[in-house]
Amino acid sequence: MKIAILTGAGVSAESGLGTFRDKNGLWTRYDLNEVATPEGFALNPALVHDFYNARRANCAEASPNAAHVALAQLAETAHDITLITQNVDDLHSRAGSLNVVHMHGELMRALCASCGARWDAPLVMDPSDACPSCGAATTRPDIVWFGEIPYHMDAIAEAVERADLFVAIGTSAEVYPAAGLVELARGQTLEINLEASARANAFDDHLFGPATEVVPSWVAELS
Ligand code: OAD
């Protein structure tokens, strides 16, 4: 079976990485316009780097959980899996998933706003860092900010359209275009989340509960 999976912050929540919109979520404590937009970065790059430096440190200390591990194991079965994530952490890869499609970029990568070069981010980034390729001090985290176009959208749309099953895991479905992917699905659709998301009605089936419990049991049933 061809399965396209979209994950969100809920899949990493039990690894100790905060979600965005839950109680105490990151966007209840930080102004996303200040730290997650190109305009915010232009205004105060040090503040934005501080924010992502803290996220990078949290991520480096965190470990993949049972949901990440189960999804990596699913790819070792006969099913044809495309794993798409909105998460900028690297926990899917560290659990063993290959070819993870990072539609919102990656915390552990840096991008030069001048020449487009990409490289492994140091743990701590700073506005004065020079691009290793062109030398300009215009380096930024390789993160898709609000107002920017998510990465790999053509490949993602194709994978969702051709899938027999589309599964969204741990996402509030508040952010587009990720939240609209379910509309492209022609096969069955399943939402796995703690609670009904904003787009719950668009899914055929639902499994509610913590990702570390629900995802491994769903994977075990499919394998
Ligand atoms: P949100 O924080 O908006 O939503 C997290 C979802 O996970 C909620 O629906 C929770 O109910 C659910 N959840 C929390 N803990 C869970 C658990 N243990 N098991 C299962 N589900 C759980 O995060 P996203 O939907 O991923 O973008 O947010 C989407 C995008 O908004 C992010 O990629 C980020 C953010 O702004 C950018 O920064 C560009």
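Since the structure is predicted, the reported quantities are computational estimates derived from the model, not experimental observations. Position numbers for residues count from 1 along each chain, tracking the sequence in the order it is written. pLDDT decides what is reported in this predicted model: residues at 70 or higher carry local features, side-chain atom pairs at 80 or more are listed and counted, and totals for whole chains, interfaces and linings draw on all residues regardless. Only hydrogens and water are removed before side-chain values are computed, so all heavy atoms of the structure are retained for them.

Participant: Help me get a handle on the pairing of strand 8 (residues 188–193), residues and values and all.
Facilitator: In regular strands, side chains alternate between the two faces of the sheet. In terms of residue burial, strand 8 counts as a mostly covered element, since 5 of its 6 residues are buried. DSSP calls a pair of strands paired once it identifies at least 2 bridges connecting them. Strands here are runs of E lasting at least two residues and helices are runs of H or I lasting at least four, both read from the DSSP assignment and numbered beginning at the N terminus. The pairing of strand 7 (residues 165–169) with strand 8 spans 5 bridges and is classified as parallel. Across the sheet, residue Ala168 finds its bridge partner in strand 8, namely Glu191. Strand direction decides the pairing type here: strand 8 and strand 9 (residues 205–208), joined by 4 bridges, are parallel. Residue pairing across strands places Asn193 opposite Phe208, the latter belonging to strand 9. Residue burial is assigned from relative accessible area. The probe radius is 1.4 Å, only protein chains are included, and a residue is buried under 20% of its type maximum, exposed over 50%, and partly exposed in between.

Participant: Please provide a residue-by-residue account of the sheet that holds strand 9, values included.
Facilitator: What the 6 strands build is an open sheet, ordered 3-2-1-7-8-9; its pairing is parallel. The open sheet has two edge strands, strand 3 (101–102) and strand 9, and neither has a second partner. The pairing of strand 1 (residues 2–7) with strand 2 (residues 80–85) spans 6 bridges and is parallel. Residue pairing across strands places Ile3 opposite Ile81, the latter belonging to strand 2. Here helix 5 (residues 66–74) sits on the sheet and contacts strand 1, strand 2 and strand 7; the angle it forms with strand 1, its principal contact strand, is near 160°. Residues count as neighbours in contact if any of their non-hydrogen atoms are within 4.5 Å of one another. Axis geometry follows a simple rule: fit a line to the C-alpha atoms, using only the stretch in contact for helices, then measure angles between N-to-C directions, giving values from 0 to 180 degrees.

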